[in-house]
Amino acid sequence: MNPKKNIVHLPVYQPGKPIEEVKRELGLKEVIKLASNENPFGSSEQAKLAIQNELANISIYPDGGSVQLTAAIAEYLQVAPNQVIFGAGSDEVILMLARAYLSPGDETIMADETFPQYKHNAEIEGATIIEVPLKDGTHDLPAILAKVTDRTKIIWICNPNNPTGTINRQDELAKFISEVPKHVLIALDEAYYEYVTDEAYPDSLALLRENNNVIVLRTFSKIYGLASLRIGYGVGHPDVIRSVNQVREPFNTTRFAQAAALASIKDLEFLNNCRERNAEGRIYLAEQLDRLGLSHFEAHGNFVMFDAKIPSQQAFDGLLRRGIISRARWQYYPTYIRITVGSQEQNEAFIKALEEVLAEAAVLG
Ligand SMILES: *Cc1c(COP(=O)(O)O)cnc(C)c1O
C-alpha cells in the first residue's frame, strides 16, 4: 500500500510536551506549560455550565450547521449568517480552505516562519508553496504581493503572526488587499485577535465588507480558553463560505463546543479580564527581557518570542529542567524561544528560571 506521494515526507505534528510527562521524566513537582498559547486563566464559568447542561443530549448528533451559534456570532460581528462557518478549531477551517481551493499546480503564498498548518494542508493538496521571508519578524506585504501570479489561489496572513507575535497594521494591510488581484483569496488568521490592544491593528471585518476575496479566521481556543473542545470559525463572503461548506464534514463541531462557544461570547467580563491581565503580563515580560539584555519581537498576542542568545535547544532544555515548558527549534531563528504569557506568578517563575539558564550558559561558556 502506498499513500499519496505528496504526504510521504510530511512530519507527524509534535505537540508541546504534556505536563504530566515532564513531571514524571524530570521528577518535578511543579511544571508550568507555556508552550501552546493556552489561556492561563482557564475558561468562562458560563461555558462550563453550558457544557454540563448539554450532557443530557450526548447521544444525539450535534446541529451540523451550528445554526444557533452562527446566528449569535453573526449578530456579534454584524455580518449575515451565511458569512460564517465553524470548524473543529480554526485548524479545520484552514484545512477546509485548502481542500476547497487548492489543487496540484496551484500556488499558495505564506511567510517563511508562520503558523505551520497553512503549508501542511497545502502540501497535502499538492499545491506549490511559495514562502516569503519575514521582515523584522513581520509579514513583508510588498514582497508577498510581488509573488502573486495567475496561479495564486490563497495568501495566508497570520496577524498577529505566530510565532513572532508581530502585527501588520491597518493602513499597510488595506493597501495590500486593494492591490492583490481579485482571483486570490486572502486568509487573515486572527487567532489572537481578542488579545491585541494596539489601535493600529486592522479592522478586518471592515476590510472584508469592501473585499469579497478576504476570509477572517478566529478561534475559541485562545482567549476563550476552549482549546480542548476544538471550535473556531471563518467569516467571509457568502460565496467563499458556501465553497468551504461544500467540503465540510456533516458534524464537524460538537454539541459541547457549540454550547460553550455560545456561552463564552456572552461572558464579556471573562474576556476583558483575560485581555487586561495578558496585556500586563506582556509588559512585564518585555521589561524583564530588556533588563536581561535579550531582544524580543513586539508582542501583540499572548506570547513573546525572544533571542536567548544560546542555541534554542539548550535554552529549552535548561528551562525544562526548571519546570518551564517553552517552544523552540524555529527554522529561521535558531536562538529564539517562544513563551506564552502566563499568570503573573507563572511569568515570574519563568523569568527566574531563564536567569538561571543564562547564568549556567555563561559559566559553561
Ligand atoms: C492556535 C492557532 C490556530 C488554531 O487554533 P485552533 O485551536 O485550531 O482553533 C490558528 N492559527 C494560529 C495562528 C494559531 O496560533
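Residues numbered from 1 in each chain as written. Predicted model: local features only at pLDDT ≥ 70, side-chain atom pairs only at ≥ 80, totals over all residues. Heavy atoms only, no water.

If you look the protein up in an unreviewed UniProt entry, it shows as Histidinol-phosphate aminotransferase from Paenibacillus solisilvae. The UniProt entry for the protein carries this comment under Catalytic activity (unreviewed entry): "L-histidinol phosphate + 2-oxoglutarate = 3-(imidazol-4-yl)-2-oxopropyl phosphate + L-glutamate". In the Sequence similarities (unreviewed entry) part of its UniProt record, the protein is described as follows: "Belongs to the class-II pyridoxal-phosphate-dependent aminotransferase family. Histidinol-phosphate aminotransferase subfamily." (UniProt positions renumbered as here; feature names shortened; annotations may be inferred.)

**Student:** Can you explain the overall build of the protein? Please cite residues and give values.
**Tutor:** The helix and strand tally for the protein stands at 13 helices and eleven strands. For the protein, whose C-alpha radius of gyration is 21 Å, the value lies close to the compact-globule estimate of 21 Å for 365 residues. On the principal axes, the C-alpha backbone points of the protein span a range of 60 × 55 × 55 Å. Across the 365 residues in the protein, those meeting the buried criterion constitute 53%. Taking as baseline every contact in the protein between residues at least 6 positions apart, the subset at least 24 positions apart corresponds to 74%. Accessible surface, the protein as shown: approximately 16900 Å² in total, 52% of it carbon and sulfur. (Helix = DSSP H or I, 4+ residues; strand = E, 2+ residues; numbered from the N terminus. Rg over C-alpha atoms; globule rule 2.2 N^0.38 Å. Buried < 20%, exposed > 50% of the residue type's maximum accessible area, 1.4 Å probe, protein only. Contact = heavy atoms within 4.5 Å. Areas by Shrake-Rupley, 256 points an atom, 1.4 Å probe, with all protein chains shown as cover.)

**Student:** Which residues make up the site of the ligand, and what are the values?
**Tutor:** Taken together, 13 residues form the shell around the ligand, and within it Asp189, Tyr192, Thr219, Ser221 and Lys222 come nearest. Taking Ser90, its main chain carries an N or O atom lying 2.7 Å from an oxygen atom of the ligand. Protein contacts shield 94% of the accessible area of the ligand, which totals 390 Å² for the unbound molecule. Taken together, the residues that form the shell around the ligand break down as four nonpolar, five polar and four charged. (Near = heavy atom within 4 Å. Polar contact = N/O pair within 3.5 Å; in protein donor to acceptor, adjacent residues only side chain to side chain. Nonpolar A, V, L, I, M, F, W, Y, C, P; charged D, E, K, R; others polar.)

**Student:** Could you give an account of the packing of aromatic side chains, with specific residues and numbers?
**Tutor:** Counting across every chain of the model gives twelve aromatic pairs. Aromatic pair Phe297 and Tyr333: ring centres 5.5 Å apart, planes at 85 degrees, arrangement edge-to-face. Note that Phe297 is positioned in the loop between helix 11 (268–291) and strand 9 (303–307) and Tyr333 in the loop between strand 10 (324–325) and strand 11 (336–340), a separation of 36 residues in sequence. For the pair formed by Phe297 and Tyr333, the shared burial category is buried. Taken together, the aromatic side chains of Phe86, Phe220, Tyr224 and Tyr233 make up a single cluster linked through ring pairs. If you follow Arg329 out to its NZ or CZ, it ends over the ring of Phe316, 5.4 Å from the centre. Its end group placed over the ring of Phe303, Arg338 keeps NZ or CZ at 5.9 Å from the ring centre. (Phe/Tyr/Trp six-rings, centres within 6.5 Å; stacked < 30°, edge-to-face > 60°. Lys NZ or Arg CZ within 6 Å of the ring centre and 35° of its normal.)

**Student:** Could you give an account of the nonpolar core, naming the residues involved and the relevant values?
**Tutor:** Counting 48 residues, the largest nonpolar core has Ile73, Ile155, Phe176 and Phe220 as its most contacted members. A domain split of this core shows at least three residues from each of domain 1 (5–30 + 269–364) and domain 2 (45–264). Setting aside its immediate chain neighbours within four residues, Phe220 contacts Ile73, Phe86, Gly225, Leu226, Ala227, Ile231, Gly232, Tyr233, Ala261, Ser264 and Ile265. Formed by 31 residues, the second largest nonpolar core is a distinct cluster that contains Leu285, Leu289, Val304 and Leu354. (Core = buried A, V, L, I, M, F, W, Y, C linked by side-chain atoms within 4.5 Å. Domains from an automatic or database assignment.)

**Student:** Pulling in residues and values, what's your account of the UniProt feature "domain: Aminotransferase class I/classII large" (unreviewed entry) in the protein?
**Tutor:** This chain's UniProt record puts "domain: Aminotransferase class I/classII large" (unreviewed entry) on residues 30–354. The span residues 30–354 is 40% helix and 16% strand, and its two end C-alpha atoms sit 16 Å from each other.

**Student:** Report on the pattern of salt bridges, specifying residues and quantitative values.
**Tutor:** One pass over the full model with this rule turns up 18 salt bridges. One salt-bridge network, in which partners are shared between bridges, spans Arg321, Arg322, Lys352, Glu356 and Glu360. (Salt bridge = Lys/Arg side-chain N within 4 Å of Asp/Glu carboxyl O.)

**Student:** Tell me what's going on with helix 3 (residues 67–77), and back it up with residues and numbers.
**Tutor:** Three or more residues of helix 3 are buried, namely Leu69, Thr70, Ala72, Ile73, Ala74 and Leu77. Tucked into the core, helix 3 has its buried residues touching strand 2 (84–87), helix 8 (204–210), strand 7 (214–219), strand 8 (232–236) and helix 10 (255–266). Just past helix 3, the residue Gln78 takes up positive phi, approximately 60 degrees.

**Student:** Please give an account of the UniProt feature "modified residue: N6-(pyridoxal phosphate)lysine" (unreviewed entry) in the protein that cites residues and values.
**Tutor:** Here, UniProt's "modified residue: N6-(pyridoxal phosphate)lysine" (unreviewed entry) annotation points to Lys222. Lys222 gets classed as buried once you look at its relative accessible area, which sits at 14%. Those residues in contact with Lys222, other than ones at most four positions away along the chain, are Ser36, Asn37, Asn39, Ala191, Tyr192 and Tyr195. Among the polar contacts listed, one links the side chain of Lys222 to the side chain of Tyr192, at a separation of 3.1 Å.

**Student:** Can you tell me about the sheet that holds strand 7, naming the residues and giving the values?
**Tutor:** Sheet strands associate in pairs through backbone hydrogen bonding, adopting either a parallel or an antiparallel arrangement. Here we have seven strands laid out as an open sheet, ordered 2-8-7-6-5-3-4, and mixed in their pairing. At either margin of the open sheet sits one strand with a lone partner, and together these are strand 2 and strand 4 (128–132). Across the sheet, the mean angle from the axis of one strand to that of its neighbour is 20 degrees, orientation sign disregarded. Where strand 3 (residues 107–111) lies against strand 4, five bridges are found, and the strand directions are parallel. From the neighbouring strand, Met110 faces strand 4, where its bridge partner is Glu131. (Pairing = 2+ DSSP bridges. Axes fitted to C-alpha atoms, helices over the stretch in contact; angles between N-to-C directions.)

**Student:** How would you explain the pairing of strand 5 (residues 152–158) if you had to name every residue and give the values?
**Tutor:** Counting buried residues along strand 5, six of its seven residues qualify, which places the element largely inside the surrounding structure. Here strand 5 runs beside strand 6 (residues 185–189); their pairing, made up of five bridges, is parallel. Bridging from a neighbouring strand, Ile154 pairs with Leu185 of strand 6. Regarding topology, helix 7 (residues 170–179) serves as the crossover connection from strand 5 to the parallel strand 6, and that connection is right-handed. (Right-handed = clockwise from strand over helix to strand, strands pointing away.)

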